[in-house]
Amino acid sequence: MATDPSARAPKGTVDMLPATARVWEHLLRTAEDLFALYGYEPIYTPIFEHTDVFVRGIGEATDIVGKEMYTFEDKGGRSITLRPEGTASVVRAALEHSLTANGQSTKLYYAGPMFRYERPQAGRLRQFWQIGVEAIGMAEPSLDAEVIALMVRFFEEVGVPRGRMRLLLNSMGDEECRPAYRARVAAFIREHAGVLCEECDRRADTNPLRAFDCKNEACREVMSGAPLLCDELCEPCATHYAAVKAYLDHLGIAYEEDPSLVRGLDYYTRTVFEIQAEGLGAQNAIGGGGRYDRLMQEYGGPPTPGLGFALGFERTVLALAAAGVEVPVPAVAEVFVARAVAEVAGDAFLICDALRCSGIAAETDHQARSLKSQFKLADRLGARYVVVVGPDELVTGQVTLRDMGTSNEERVELGDLPTIVLDRLGR
Ligand code: HAM
């Protein structure tokens, strides 16, 4: 084990080794296929942005902007930040490239690493991976239900059992009803000054709704008696929220209303939601999202509604493990081409290449292993078939095909090998 700290991945980061990277790719493929059914197209934005994109978008008084951003000055003297999330960048890009000009709408998805300087613990990293969607330009509550349904279906599709997920739902109101509500929560906090933690006391002046998110037990207790926004929504927000719930009911998607769900980003308006999974401890949110109808205006754009969600890869993997679900990843090799003796190494090499050219994942030995070791390797790579190339068979243009599941062996004509293997693999 290396003792030099620089020989290890930095604190709060992990190397995504092949076994995990293959799960990421499986989740990504599942997401791509599913999101396509809902009309989403991919977008890739830079991993870093001008710091202001996140300060304006996520909000100065949030933990993310206040404490967790990886911000640095680049060689040109610009303040640059590694993206802590995807929404701000996607909305910035949608505005910059006029994707929602003239009343158009756009549905986009993205996937990649995000960076937050948080205290690392199980399910909480400094570099973590998200898959997210953003639907920009649409204000109707049917879209809220569609986006929420998509998130639930993604988790179901990858195998998180419905019974192990809780979908929490709330409305954050809008610029009509939230300011008065914020003022009431601020007053409530001041009434309880001294009982709440120092940070929550300060929040009365900076961002009172964040006090609902405080992990301190005493604060949670006090805040459970705070006024609730759901009781004070303006009429259009209340109507929107009721319609979202009605659509979810029609879709048969179970949710729990959680009036204290405020989420950690300030861009939200109206609908917010989160999915929590069982067996994850404190970091149990596997995905979350909401509406952000004012975000594009923050960047100087026209009023443009938007909505989306992001799910955390590492927590999804933990949720699947906690539920005892094995993610189906394809074998590294479907077929292993083994050579009985060194003299036929060249033939094995060409047979392996021919199988690959026929679309079969094939592997062969490049380390002069014994036949026994080649079989072990075939096993480790998950090969369902081993082709044994021997000098005697080759004379008659044949090889031996061994089924690793049943141990059955048969002689096959070399020319027929790809067709036979494809047939056995059901392709
Ligand atoms: P978020 O709730 O901050 O929302 O993050 C979404 C998910 O990313 C979380 O539910 C969690 O699974 C994962 N996550 C967040 N922080 C960490 C961390 N430090 N380590 C591991 N996983 C983490 C957003 O990021 C919004 N952009 C979602 C959204 C999209 N809202 C509208 N559109």
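Refer to the structure above for everything that follows.
Quick caveat, the model's predicted, so the values are computed rather than measured. (Residues numbered from 1 in each chain as written. Predicted model: local features only at pLDDT ≥ 70, side-chain atom pairs only at ≥ 80, totals over all residues. Heavy atoms only, no water.)

**Observations regarding the packing of aromatic side chains**
Per the stated rule, a full pass over the model turns up 10 aromatic pairs. On the basis of an interplanar angle of 80 degrees and a centroid distance of 6.1 Å, the ring pair of Phe35 and Phe309 is categorised as edge-to-face. Taken together, the residues span a long stretch of sequence, with Phe35 in helix H1 (residues 18-37) and Phe309 in strand E11 (residues 306-312) at a distance of 274 residues. With respect to burial, Phe35 and Phe309 carry one shared label: buried. Among the aromatic residues, ring-to-ring pairing joins Phe35, Tyr40, Tyr109, Phe154, Phe155 and Phe309 into one connected group. Sitting over the face of the ring of Tyr117, Arg126 holds its NZ or CZ atom 3.8 Å from the ring centroid. Its end group placed over the ring of Tyr241, Lys245 keeps NZ or CZ at 4.2 Å from the ring centre. (Phe/Tyr/Trp six-rings, centres within 6.5 Å; stacked < 30°, edge-to-face > 60°. Helix = DSSP H or I, 4+ residues; strand = E, 2+ residues; numbered from the N terminus. Buried < 20%, exposed > 50% of the residue type's maximum accessible area, 1.4 Å probe, protein only. Lys NZ or Arg CZ within 6 Å of the ring centre and 35° of its normal.)

**With respect to unusual backbone geometry**
Backbone geometry places Arg263, a non-glycine residue, at a positive phi of 65 degrees. Tracing the backbone shows Arg263 in the loop between strand E8 (256-257) and strand E9 (269-277). On the basis of relative accessible area, Arg263 is assigned to the buried category, the value being 12%. The phi dihedral of Ala368 falls on the positive side, at around 50 degrees, and the residue is not glycine. Along the chain, Ala368 turns up in the loop between strand E13 (362-364) and helix H13 (371-380).

**Considerations on helix H5 (residues 141-158)**
The end-to-end C-alpha distance of H5 is 26 Å, a good match for the 26 Å that 18 residues give at a rise of 1.5 Å each. With respect to burial, H5 is a largely interior element, 13 of its 18 residues being buried. Just downstream of H5, Gly159 is the residue with a positive phi angle, here 115 degrees. (Expected span 1.5 Å × (residues − 1).)

**Quick notes on the pairing of E9**
Of all 9 residues making up E9, 9 are buried, and the element is well covered by its neighbours. Both strand E7 (residues 165-171) and E9 contribute to a ladder of 7 bridges, which runs antiparallel. Following the sheet pairing, Arg166 is matched in E9 by Gln276. (Pairing = 2+ DSSP bridges.)

**Topic: the site of the ligand**
Taken together, 27 residues are adjacent to the ligand, and Glu85, Thr87, Glu118, Arg263 and Tyr268 come closest. Here Tyr268 contributes a side-chain N or O atom positioned 2.6 Å from a nitrogen atom of the ligand. Contacts to the ligand include Gly287, whose backbone N or O atom sits 3.3 Å from an oxygen atom. About the coverage of the ligand: the protein hides 96% of its 660 Å² of free accessible area. Top contributing element to the shell around the ligand by residue count: strand E10 (residues 285-291), with 6 residues. (Near = heavy atom within 4 Å. Polar contact = N/O pair within 3.5 Å; in protein donor to acceptor, adjacent residues only side chain to side chain. Areas by Shrake-Rupley, 256 points an atom, 1.4 Å probe, with all protein chains shown as cover.)

**Some points on the side chain of Gln374**
Counting through the fold element by element, Gln374 comes out in helix H13. Those residues within four positions of Gln374 in sequence are excluded, and the remaining contacts are Phe336, Val337, Ala338, Arg339, Asp365 and Arg369. (Contact = heavy atoms within 4.5 Å.)

**Focus on the pattern of salt bridges**
Applying the stated criterion across every chain, the model contains 30 salt bridges. Residues Arg203 and Asp63 are paired through a salt bridge, measuring 4.0 Å at the closest nitrogen-oxygen approach. In this pair, Arg203 is assigned in helix H7 (residues 198-206) and Asp63 in helix H3 (residues 63-67), connecting sequence segments 140 residues apart. Asp63 sits in the partly exposed class, given a relative accessible area of 28%. The residue Glu232 makes a salt bridge to Arg184 at a minimum N-O spacing of 2.4 Å. Of this pair, Glu232 sits in the loop between helix H8 (217-223) and helix H9 (235-251) while Arg184 sits in helix H6 (residues 178-191), and the two are 48 residues apart along the sequence. (Salt bridge = Lys/Arg side-chain N within 4 Å of Asp/Glu carboxyl O.)

**What about helix H15 (residues 417-424)?**
Every buried residue of H15 is accounted for by Leu417, Pro418 and Val421. Taken around the axis of H15, the buried residues stretch over an arc of 95 degrees, which confines them to a single face. Turned more than 90 degrees away from the buried face of H15 sit Thr419 and Asp423, all of them exposed. The inward-facing, buried residues of H15 contact strand E12 (335-339), helix H12 (345-357), strand E14 (385-389), strand E15 (398-403) and strand E16 (409-413). Immediately downstream of H15, the backbone of Gly426 shows phi near 75 degrees, a positive value. (Arc of directions from axis to C-beta.)

Purely geometric stuff here, so don't read any function into it on its own.
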